[in-house]
Each structure stands twice: as C-alpha cells, then as structure tokens.
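If you want the building blocks of each chain, they are given just below.
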Amino acid sequence: MALGTVWVFAELSQDRAATGALELLTKARSLGAADVEAVCFGPGAGDAVAELGRHGATTVRLSTDPAFAELLLGGPAADTLAAAVAEHRPDLILFAATHTGRDVAGRLAAKLDVPVIANGLDIEAGEAITVTTAIFGATQVVRTEFGARRPALALFRPKSFPAAVAPGAVAPRVVEVPAVIRECHRRARVVDRSVEIAAGPKLEEAEVVVSGGRGIQNAGNFELLREVAELLHGAVGASRAVVDAGWVPYSLQVGQTGKTVKPAVYIACGISGAMQHTVGMRGAQKIVAINKDPQAPIFKLADLGIVGDALIVLRQLRDELRSRPG
Amino acid sequence: MNVVVCVKLVPDPDSVGQLDATTHRLRRDLAEPVLDPGDEFGVEAGLRLVEAHGGEVRVVSMGPERALDAVRKALAMGAARGVLVTDDDLGGSDALTTAKVLAAAIGREPFDVVITATESTDGYTGIVPQALAELLDVPAVTFATGVVSDGTALTVTRQTESGSETILAGLPCVLSVTAGVNEPRYPSLRGIMGAKSKPMDRWTLADLGLGGVGGAGAGQTVVSVTTSEERRAGEVVTDDGDGAHRIVLLLARARVI
Ligand SMILES: Cc1cc2nc3c(=O)[nH]c(=O)nc-3n(C[C@H](O)[C@H](O)[C@H](O)COP(=O)(O)OP(=O)(O)OC[C@H]3O[C@@H](n4cnc5c(N)ncnc54)[C@H](O)[C@@H]3O)c2cc1C
Ligand SMILES: Nc1ncnc2c1ncn2[C@@H]1O[C@H](COP(=O)(O)O)[C@@H](O)[C@H]1O
C-alpha cells in the first residue's frame, strides 16, 4: 500500500520551528510518501513557515490563534488536529517525543482511536509502516508494525534523524486551520512561563558535554562543571537524580526522559550510568567517566574511565585547561 | 476532593529487564514486582490534596492479580480504597488500551483530580496520562514539579523543554507528576495493618462493559526484537593525580581543544 500524505507536528521554540520538527521533516521526505506537510499551532507559527518549507514541507497548515500560547497546548492541539485529519486524511503523523509532542499525540490517539508508538528511533514505510524503538537502555531493538488503521501516530526521540535542507525546496503553500478550542480546555491556563537561558552552546548541539550526577554532591558544585564546560566551549548536562533534586533545571537532563546528545566527547562526572541515563548519551563519539566506585556501570561504556573523586579531578582539569596556551 | 491515583505494578527497576523471546512481552517472572516508584509520588500528591481539602484517595490499577500488592502499598500509605482491573485478555495491552481500561474504571464515580506518573518505569510510553485525559474529557496538566490547591483549582508548576511554566487548572483534570514533586511517605506499621481491612474491588473487562480491547485488539504488532551492538569499555584507571591530564589528552585527540 503506497504511503499517502505524511504530516509532521511542528512545535515552536521561541517562535522558531523546533529542531525536532526539522529532523522529522527530513526523515519524512525519505519515506516515499505522496506528500509531506507540516502542521504548526501558535501565535508564532507564521514565522516558522519558511524554515519548515526549506526542510521539505510542501504545505504548512497553521493556526496562529493566541489560545495556543495561553492554554495548555495538548487539548486544543489534539482537537484542532482531529478536525484537520477528518478533512485531509493523512496516513501518518510524526511527533517529536517531547513533553508537548507526548501531550498532543497521546490525546489524539485516544480521540481518533488510532495506534500510537512512542519512543521511536527510526521508521520505514514499505508494505507496512514499521517503527524501531529501543528498550532497556538501548540494549535491545524492537521493530513494531502498524496495523491498517490510519492515521498511524509515531513519536521520535530528538536527534534520531539529522536535519537537512531539502534540495530545490520552494516556498510552501500556507493553509489556515480553524482552531478548535473547547470550553473544558479553557480551564487550564498558562499564567507564567520562564525560559532557562544557558550561556554557551545548546546542550543538544554542543561538541563537548560535561555532565554531573548525584556524585557532584550539591547544587553549588555544579559551578565547577560550568567552568570546565565553558573552557571547552561545551555545555553542562545532568542526570535525572540531580534534576529531581532541584539542583539544575530539567532542560539539562540527559537520558530517556531528557535530551539525547551525541557530542564528540561526553564527560560523565559522579553519574552511576543507569540505562535510562546512558540511552541519552551512548551515541557520543568518546565517553569519559569519573566515578569513585570502580564497579559503576558507567565504566562499561567509557572510553576512558577514571576511578576517583569527580570534584578533585574536575578542579585539576579546570586548572590544566586554564593554563594551556592559546 | 475526590482524588484518583493510578498505580502500576512493575518489575523491580533495579533489576535488568528482558523481553520474552517468543511472546515479545516483558518477562515479569525475572524480577520481584513492586509498586512503580514513580507512582509513589502520585500517591503522596493525592494524600496531600485530601489532607488539605478533605475527601479521599481512590487508587486504580490495571494488571495481573499480583498488582494487588501495588494497590495495597498505596492503601498502606493512606489511600482509602482500591480497584484492580485484571483480566486474562489484558496481557500485552498497548498504551491506548490501558488508558481505555483505566478511564472506564475511573469514570464510574465522580472525580476531581486523576493523578499519574509521567511515565511508567517498565513501559515508559509516557502517553497514558494524556490518552486517559482525552477519554475522560478533561485537561491534562502534565510533568508537574509542584502542586498547590485552594480546593477548587490547582496551581501547578511544570517542566517544559526549555524551562518551566505555571498552570492554573480548574477541576476536574488529570495531573501527571514527576519525581521530585514531593517526598513520598513510608507506610507506617499502622498503615500496613489497616490496609488489609480497606475496601478493594476487583473488576474484569466484562464488569466494565469493555470487550475486545486487550492485546489482540492492539493496532500494532511487534515483528522483531534484536540485541543492539554494545559499546565496549575502554581503559579504566585509578586517579593518582594524573586523571585530569589523561582527560586533556583525550580531548586533544578528539580535536575539541
Ligand atoms: C522511567 C524512568 C526514566 C528515567 N529517565 C532518566 C533520564 O532521562 N536521565 C537520567 O539520568 N536518569 C533517568 N532515570 C533515573 C535513572 O534510573 C537513575 O536513577 C539516575 O540516572 C541516577 O542518577 P545519578 O547517576 O546521578 O545518581 P546515582 O545513581 O545515585 O549515582 C551517583 C554516582 O556518583 C558516584 N559518586 C558519589 N560521590 C562521588 C564523588 N565524590 N566522585 C565521583 N563519583 C562519586 C557514585 O559512585 C555513584 O555511581 C529514569 C528512571 C526511570 C524509572
Ligand atoms: N496498568 C496501569 N495501571 C495503572 N496505572 C497505569 C498503568 N499503566 C500506566 N499507568 C499510569 O500512567 C503512567 C504513565 O504510563 P506509561 O504511559 O505507560 O509510561 C504510569 O506512571 C501510571 O501512573
């Protein structure tokens, strides 16, 4: 069965198309679909059109209704998508496995009573649509085929695909989608929003990531990681344990329920190496681990493992980097 | 306030998981099952709401007979009543099926707040809360890191990809909580003893009027499970003062400095 239209649910990040959307559009182009379109909701959607088009969306279906920024997005976005699906009947809708992607896809699946696969890493479309997911810390790979119900919904972990501009892309057609906002969703309003602005490169894009876990002992010691990261023009990451403890914001979390990073070098400091963490960093080219426990599982995947006190090693590392010429 | 908390029985997260080679389902015989540690935060959040505003916490679980243990632990922590939906047809249920069953069980009585974790420790599809909210036709306030209530609405701080936001949500709603939203209490000895006499219902799919929603009804089929290539360990050395220097050498070889 030939694949009809594929939609990519494009999130906005500070009024730009989120990187995840561009990754998904790039992948969608390779599936042999009849057409690839983006769907984007939010007051800034208009500003994202050009970039979505450059990455392969022939049509951008958008709503700039302010309610999409004032309310929790999940309910209104699922309702609006459901109405658009009924009209245009896409075969497949791709989402980034982000908080918002999960909020929208989970509701939409229930609303349309269609299958949904979460945590996807790859997708193929031939006779059937098949999604690859990894479980148990990416030690096992599972391939799952969608049945006949359409649209099929799939969520992909960020960084599963590279984002690339489509050769010869022309400006996309822009189609306004009527927002469907039911009264019950007006009950959940966003009253405040804050964005963490980290200095230096973004965690997902940094060439070097210096990550800290519970072994860093307290929030104050993260300053040392920041200093080392800065000297390396890198970014600071963290394990979920320290995010849950409130030492650093969630935006720094690496792992299954955080960011996926693929830097040239990943330095894990005082991180035990639970599989939910390693799934987010095992794609690094080189992994360095500093842990005082020689049995820590992180050493099983480290190219260089240092058994020792992370704070002492990091201080020495900072000093040595500072004293390097140039 | 009528609070429902969803609780799931999962294999002990400290043991290594494995899929059955032929059924492609999680092997639950390998590890001692426990109440999902993530759900303890949900139970605690529910208890705090009713302690402040009255009402009671009802816990709902879908799973095998043994999931009664998870429900019992929640009762020992202080929940008032429990429900387990258990049925042979539910083995291998996908996220949507799970949400349908939970919604049917929850929707039998009025509720103000339904609490879940953000994802389960074993399945971690992380979309059951949202699907559940859709089926119950209420908003889903997800990824909560803080919850306060005046009794008629919730003020929730939640994680976003780039920071955080504050949501004011009227009732009823679904609330998914992250670890770190609170410090779950340990069941007291009195709580454990008392749990035995608390009301506990056991329902089948037929009791809920649901037919054909189980594993066989799922819209997706696992076609293969393979072991991925392992990363290999490199050298592990004990730091005797030159650890930092070794890292610098590696950074230089990787051409990042
Ligand atoms: C569904 C689910 C999703 C999850 N998602 C994620 C995720 O996305 N990301 C994530 O990271 N985790 C995730 N987790 C949690 C994960 O299972 C671990 O609990 C977490 O990664 C542990 O963090 P940690 O290594 O910092 O802490 P710990 O496991 O407590 O390890 C601390 C380490 O520090 C070492 N140490 C202590 N002092 C020092 C010192 N002075 N110098 C050097 N080393 C020291 C110790 O030897 C130990 O190895 C998830 C869990 C579940 C159930
Ligand atoms: N079988 C179940 N019984 C009760 N609650 C569940 C069940 N499955 C999922 N949940 C709830 O939904 C959350 C998210 O699950 P999941 O989407 O499977 O990762 C879990 O943490 C539970 O709170």
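Structural notes, computed from the coordinates. A quick note: this is a predicted structure, and the numbers were derived from the prediction, not measured.

### Observations regarding the overall build of chain A
Scanning chain A for helices and strands turns up nine helices and 17 strands. A compact globule built from 326 residues should have a C-alpha radius of gyration of about 20 Å, and chain A, at 21 Å, falls within 12% of that. In terms of its C-alpha atoms, chain A occupies a principal-axis envelope of roughly 60 × 45 × 40 Å. Each of the 326 residues in chain A was classed as buried or not, and the buried ones make up 60%. Considering only contacts within chain A whose residues lie at least 6 apart along the sequence, 65% involve residues at least 24 apart. Approximately 12,400 Å² of chain A is accessible, and the part contributed by carbon and sulfur atoms is 50%. Side chains of chain A carry 34 positive and 34 negative charges; the gap between the two charge centres is 3 Å.

### Some remarks on helix α4 (residues 74–88) of chain A
End to end, α4(A) covers 21 Å across 15 residues, agreeing with the expected 21 Å (1.5 Å per residue, within 8%). For α4(A), the tally of buried residues reaches 11 of 15 residues, placing the bulk of the element in the interior. Where α4(A) is concerned, the buried positions are A:G74, A:G75, A:P76, A:A77, A:A78, A:D79, A:T80, A:L81, A:A82, A:A84 and A:V85. Buried residues along α4(A) sit in contact with β1 (5–9), β4 (35–41), α3 (67–70), β6 (92–96) and α5 (99–112) of chain A together with α4 (128–136) of chain B. Two residues or fewer after α4(A) comes A:R89, characterised by a positive phi angle close to 50°.

### Notes on the site of ligand 1
For ligand 1, the set of nearby residues contains 28 residues, the closest of which are A:S239, A:T257, A:S272, A:Q276 and A:N291. The site occupied by ligand 1 is bordered by residues of chains A and B. Within the backbone of A:G270, an N or O atom sits 3.1 Å from an oxygen atom of ligand 1. Burial of ligand 1 by the surrounding chains reaches 83%, relative to a free accessible area of 990 Å². Contributing elements (two or more residues each) for the shell around ligand 1: α7 (240–244) and α8 (275–278) of chain A.

### A closer look at the packing of aromatic side chains
This model, assessed by the stated rule, comprises five aromatic pairs over all chains. Relative to A:F41, the ring of A:F9 lies with its centre 6.0 Å away and its plane at 70°, an arrangement referred to as edge-to-face. You can see A:F9 sitting in strand β1 and its partner A:F41 sitting in strand β4, a full 32 residues away along the chain. Judged by relative accessible area, A:F9 falls into the buried class, the value being 3%. Residues A:F156 and A:F161 carry aromatic rings whose centres are separated by 5.4 Å and whose planes lie at 55° to one another, so their mutual orientation is tilted. Across the pair, exposure class does not vary: A:F156 and A:F161 are buried alike. Cluster of aromatic residues (ring-pair linked, three or more members): A:F9, A:F41, A:F68 and A:F95. Over the aromatic face of B:W203 sits the side chain of B:R108, whose NZ or CZ is 4.4 Å from the ring centroid.

### Structural notes on the environment of B:I257
Here B:I257 lies in the segment after α6 (243–253). Taking relative accessible area as the criterion, B:I257 reaches 34% and is therefore assigned partly exposed. Along the chain, B:I257 and B:T227 lie 30 residues apart, while their C-alpha atoms are 35 Å from each other. Beyond its immediate sequence surroundings of up to four residues, B:I257 is in contact with A:L232, A:L321, A:R324, B:V248, B:L251 and B:A252.

### Considering the environment of A:V208
Along the chain, A:V208 turns up in strand β13 (residues 208–212). Separated by 58 residues in sequence, A:V208 and A:R150 have C-alpha atoms that sit 42 Å apart. Those residues within four positions of A:V208 in sequence are excluded, and the remaining contacts are A:L232, A:G234, A:A235, A:P263, A:V265 and B:V256.

### Things to note about the site of ligand 2
All names here are of chain B. Taken together, 19 residues are adjacent to ligand 2, and D39, M62, S120, T125 and G126 come closest. For ligand 2, an oxygen atom lies 2.7 Å from a polar atom in the side chain of D39. Measuring from an oxygen atom of ligand 2, one finds a backbone N or O atom of E119 at 3.5 Å. Here ligand 2 loses 97% of its free accessible area of 480 Å² to cover by the protein chains. Listed by contribution, the elements that provide at least two residues to the shell around ligand 2 are β4 (56–62), α3 (95–106), β6 (113–117) and α4. Residue composition of the shell around ligand 2, by class: 10 nonpolar, six polar and three charged.

### Focus: the pairing of strand β10 (residues 152–156) of chain A
All names here are of chain A. Most of β10 sits inside the fold, with five of its five residues counted as buried. Residues of β10 alternate between two faces, with A152, A154 and F156 on one and L153 and L155 on the opposite face, all of them buried. Here β6 pairs with β10 via five bridges, running parallel. Across the sheet, residue I93 finds its bridge partner in β10, namely L153. Where strand β7 (residues 116–125) and β10 come together, three bridges link them in parallel fashion. Bridge assignment links V116 to a residue of β10, and that residue is L153.

### Description of the pattern of salt bridges
Evaluated as defined, the whole model comprises 35 salt bridges over all chains. A salt bridge links B:K100 to A:D113, with the nearest nitrogen and oxygen atoms 2.8 Å apart. Taken as a pair, B:K100 in helix α3 and A:D113 in the loop between α5 and β7 lie in two separate chains rather than in one.

### Section: the interface of chain B and chain A
How big an interface is tends to be stated in terms of the accessible area lost upon association of its parts. Contact residues are listed per partner, giving 74 residues for chain B and 84 residues for chain A. Together chain B and chain A conceal approximately 7,000 Å² of surface at their shared face, both sides included; 54% is due to carbon and sulfur atoms. Of all residues in chain B, B:Y124, B:E161 and B:R231 bury the most surface against chain A, accounting for 12% of the area lost on that side. Taken together, chain B and chain A are joined by nine salt bridges. Linking A:K111 and B:E134 is a salt bridge whose minimum nitrogen-to-oxygen distance equals 2.9 Å. Put simply, chain B and chain A have 43 residue pairs in polar contact (both at pLDDT 80 or more) between them. Within the residue set of the side of chain B that touches chain A, elements represented by two or more residues are α3, α4, β7 (140–149), β8 (153–159), β9 (163–170), β12 (220–227), β13 (235–238) and α6 of chain B.

Criteria and thresholds
Residues numbered from 1 in each chain as written. Chains lettered and ligands numbered in written order. Predicted model: local features only at pLDDT ≥ 70, side-chain atom pairs only at ≥ 80, totals over all residues. Heavy atoms only, no water. Helix = DSSP H or I, 4+ residues; strand = E, 2+ residues; numbered from the N terminus. Rg over C-alpha atoms; globule rule 2.2 N^0.38 Å. Buried < 20%, exposed > 50% of the residue type's maximum accessible area, 1.4 Å probe, protein only. Contact = heavy atoms within 4.5 Å. Areas by Shrake-Rupley, 256 points an atom, 1.4 Å probe, with all protein chains shown as cover. Lys, Arg positive; Asp, Glu negative; His and termini not counted. Charge placed at Lys NZ, Arg CZ, Asp CG, Glu CD. Expected span 1.5 Å × (residues − 1). Near = heavy atom within 4 Å. Polar contact = N/O pair within 3.5 Å; in protein donor to acceptor, adjacent residues only side chain to side chain. Phe/Tyr/Trp six-rings, centres within 6.5 Å; stacked < 30°, edge-to-face > 60°. Lys NZ or Arg CZ within 6 Å of the ring centre and 35° of its normal. Nonpolar A, V, L, I, M, F, W, Y, C, P; charged D, E, K, R; others polar. Pairing = 2+ DSSP bridges. Salt bridge = Lys/Arg side-chain N within 4 Å of Asp/Glu carboxyl O. Buried area = accessible area lost by both parts, 1.4 Å probe.

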